[in-house]
Amino acid sequence: IAKAKGDPPPTELEEEVAKALFDIEVSQTSEIKADLHDIQITSAKEVEVKPGRTAIIIFFPYRVWKNVKRIQSRLIHELEKKFGRRHVVLVAQRTMMKRATKGMKIRPRSRTLTAVHQALLEDVVGPTEIVGKRTRIKAEGGTIIKVHLDPKDKEKDNIEEKLQTFSSVYKTLTGKEAVFTFPEHVY
């Protein structure tokens, strides 16, 4: 568990996730144990998806996210076996910077609020890919992001069951409402 100086000590959930990752790493049957050697987590959070159903969001440092992305689907599968009925979502810990003011250098485009929220959307949907996005503005002023996922991944890794989880995790992380679907027609 990688914590910055001054951060609170690891929670019980973070300890549980770290132990599960360690168990996967030392397991004889695990095919991803070599890839897990350099991977660490920054934090973990539990989110209620619907009554009686929770999901675990695991945050990884951005510098190791490339390695996690390579083994993401297998790692999610292994962690969901360890945690039973809870869905697991892997996300990179990204930093947002405020707008540039006098005397401050120009902030990188990847550190803007919009860029971080787009990257979080990509992270949350996990091993599947986004094939389309629509922003719908309601008459009363609220917005909903409709996200269309790749229909080839519909049966893989029971993604269809996780659509509700993706929505609640994204709402927790960004405060924005998103609806995840598989498009009926692919053009």
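See the structure shown above.
Residues numbered from 1 in each chain as written. Predicted model: local features only at pLDDT ≥ 70, side-chain atom pairs only at ≥ 80, totals over all residues. Heavy atoms only, no water.

A. Examining the overall build of the protein more closely. Counting its secondary structure elements, the protein contains 5 helices and 6 strands. Scaling as 2.2 N^0.38, a compact globule of 187 residues should have a C-alpha radius of gyration of about 16 Å, and the protein matches this with 18 Å. Counting only C-alpha atoms, the protein reaches 55 × 50 × 35 Å along its principal axes. Relative to its full complement of 187 residues, the protein shows a buried share of 40%. A total of about 11600 Å² of accessible surface is found on the protein, and carbon and sulfur atoms cover 50% of it. (Helix = DSSP H or I, 4+ residues; strand = E, 2+ residues; numbered from the N terminus. Rg over C-alpha atoms; globule rule 2.2 N^0.38 Å. Buried < 20%, exposed > 50% of the residue type's maximum accessible area, 1.4 Å probe, protein only. Areas by Shrake-Rupley, 256 points an atom, 1.4 Å probe, with all protein chains shown as cover.)

B. Here's a closer look at the packing of aromatic side chains. All told, the structure shown has 2 aromatic pairs when counted by the stated rule. Relative to Trp-65, the ring of Phe-60 has its centre 6.4 Å away and its plane inclined at 40°; by these criteria the two rings are tilted. Like Trp-65, Phe-60 is buried. The interplanar angle of 70° and the centroid separation of 5.7 Å between the aromatic rings of Phe-166 and Phe-180 together place this pair among those described as edge-to-face. In this pair, Phe-166 is assigned in helix H5 (residues 163-174) and Phe-180 in strand S6 (residues 177-181), connecting sequence segments 14 residues apart. Neither residue differs from the other here; Phe-166 and Phe-180 are each classed as buried. (Phe/Tyr/Trp six-rings, centres within 6.5 Å; stacked < 30°, edge-to-face > 60°.)

C. Representation of the layout of surface pockets within the structure. The volume enclosed by the second largest pocket comes to roughly 250 Å³. Thr-42, Pro-61, Tyr-62, Gln-93, Arg-94, Thr-95, Ser-110, Arg-111, Ala-115, Val-116 and Ala-119 together form the lining of the second largest pocket. No other element matches helix H4 (residues 113-124), which puts 3 residues into the lining of the second largest pocket. Here the residues of the lining of the second largest pocket sort into 5 nonpolar, 4 polar and 2 charged. (1 Å grid on protein atoms, 1.4 Å probe; cavity = no way out; pocket = protein on both sides within 12 Å on 5 of 7 lines; lining within 4 Å. Points joined across faces, edges and corners; volume = space filled by probe spheres on them. Nonpolar A, V, L, I, M, F, W, Y, C, P; charged D, E, K, R; others polar.)

D. Summary view of the environment of Pro-183. Summarising the element assignment, Pro-183 is placed in the segment after S6. For the pair Pro-183 and Val-131, spaced 52 residues apart in sequence, the C-alpha separation works out to 9.0 Å. If we skip the residues at most four places from it in the chain, Pro-183 touches Val-131, His-148, Leu-149 and Pro-151. (Contact = heavy atoms within 4.5 Å.)

E. How the structure looks around the pattern of salt bridges. Tallied over the entire structure, the rule returns 6 salt bridges. When salt bridges that share partners are traced, they join Glu-16, Glu-46 and Arg-86 into one network. (Salt bridge = Lys/Arg side-chain N within 4 Å of Asp/Glu carboxyl O.)

F. Layout of empty space enclosed by the protein. One pass over the structure, following the stated rule, counts 1 cavity of 30 Å³ or more. The computed volume of the largest cavity comes to approximately 80 Å³. In terms of lining residues, the largest cavity is bounded by 16 residues, among which Ile-76, Val-88, Gly-126, Pro-127 and Lys-162 are the most central. Taken together, the elements giving at least two residues each to the lining of the largest cavity come down to helix H3 (72-83), strand S3 (87-93) and H4. Ranked by the residues each element gives to the lining of the largest cavity, the list is headed by S3, at 4 residues.

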